[in-house]
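Secondary and tertiary structure notes
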Amino acid sequence: MPMFAHGESAGIFSIGQSDWKHRIAVGGDYKTPNDRIGTAAYSLNGGMTWKPAQTPPHGYRSSVASNTKSKTWITVGPNGTDISRDDGKNWTALKPTAQDPPDADKNWNALSLPFVVGPKGRIGKLRPDALKP
């Protein structure tokens, strides 16, 4: 997909789908994790055509998954976690609440909902209420 960042440390790092037609690809350049350009694209026709996100995630993202119950997409990376409620067109930061550790949204590498994993054996679990609008 030409809309993604290019280079030896850049590209697509994860593709997720919620059903046969809704798919999202995330990535970017892990050497420049705060660069938002070329970090997400979505398909509404099973991957036949792709469009870049109108409001991309807040930097490089290494994993994406769909929470079909809440109709929310979640993507994680070293500098944060983003969610989309419109099938990947627009992404907003998912920020920790006062009850969460201050870095609850950062330093994740992969996810298999409701769990996320990070470096050195770090594991987190998404609270069910975290995705409520």
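Residues numbered from 1 in each chain as written. Predicted model: local features only at pLDDT ≥ 70, side-chain atom pairs only at ≥ 80, totals over all residues. Heavy atoms only, no water.

Each pocket or cavity is described by its volume, and for the largest pocket that value is around 420 Å³. Lining the largest pocket are 24 residues, with Leu-94, Asp-100, Ala-104, Leu-126 and Arg-127 positioned closest to its centre. Where the lining of the largest pocket is concerned, the elements lending two or more residues are strand 6 (72-77) and strand 11 (123-125). Quantified by volume, the second largest pocket comes out at close to 240 Å³. Considering the residues around the second largest pocket, the lining is formed by Asn-67, Lys-69, Ser-70, Leu-113, Pro-114, Lys-125, Leu-126, Arg-127, Pro-128, Leu-131, Lys-132 and Pro-133. For the lining of the second largest pocket, the per-class residue count stands at six nonpolar, two polar and four charged. (1 Å grid on protein atoms, 1.4 Å probe; cavity = no way out; pocket = protein on both sides within 12 Å on 5 of 7 lines; lining within 4 Å. Points joined across faces, edges and corners; volume = space filled by probe spheres on them. Helix = DSSP H or I, 4+ residues; strand = E, 2+ residues; numbered from the N terminus. Nonpolar A, V, L, I, M, F, W, Y, C, P; charged D, E, K, R; others polar.)

Judged by nonpolar contacts, Ala-65, Ile-74, Val-76, Ile-83, Leu-94, Trp-108, Leu-111, Val-116 and Leu-131 together constitute the single largest core of nine residues. One finds Ala-40, Tyr-42, Ala-53 and Trp-91 within the second-largest nonpolar core, a separate group that totals eight residues. (Core = buried A, V, L, I, M, F, W, Y, C linked by side-chain atoms within 4.5 Å. Buried < 20%, exposed > 50% of the residue type's maximum accessible area, 1.4 Å probe, protein only.)

Tallied over the entire structure, the rule returns three aromatic pairs. With 5.1 Å between their ring centres and 90 degrees between their planes, Phe-13 and Tyr-60 make a pair best called edge-to-face. One end of the pair, Phe-13, is in strand 1 (residues 10-17); the other, Tyr-60, is in the loop between strand 4 (51-52) and strand 5 (63-67), with 47 residues separating them in the sequence. What makes Phe-13 partly exposed here is its relative accessible area of 36%. Taken together, a centroid distance of 6.3 Å and an interplanar angle of 65 degrees make the contact between Tyr-30 and Tyr-60 edge-to-face. One end of the pair, Tyr-30, is in the loop between strand 2 (23-29) and strand 3 (40-43); the other, Tyr-60, is in the loop between strand 4 and strand 5, and 30 residues separate them in sequence. A relative accessible area of 43% places Tyr-30 in the partly exposed class. (Phe/Tyr/Trp six-rings, centres within 6.5 Å; stacked < 30°, edge-to-face > 60°.)

Below, the discussion takes up the confidence of the model for the chain. Looking at the chain, the pLDDT average stands at 92 and 98% of residues meet or exceed 70. Within the chain, strand 11 has the poorest average pLDDT of any element, 92, and strand 3 the best, 97. (pLDDT = per-residue confidence, 0-100.)

It is worth spelling out the sheet that holds strand 3 at this point. By definition, the strands of a sheet pair up through backbone hydrogen bonds, in either a parallel or an antiparallel sense. Spatially, four strands are ordered 1-2-3-4 in an open sheet, and the strand pairing comes out antiparallel. A single partner strand is all that each edge strand has here, and the edge strands are strand 1 and strand 4. For strand 3 and strand 4, the ladder comprises two bridges, and the chain directions are antiparallel. Opposite Ala-41, over in strand 4, you have Pro-52 as the bridge partner. (Pairing = 2+ DSSP bridges.)

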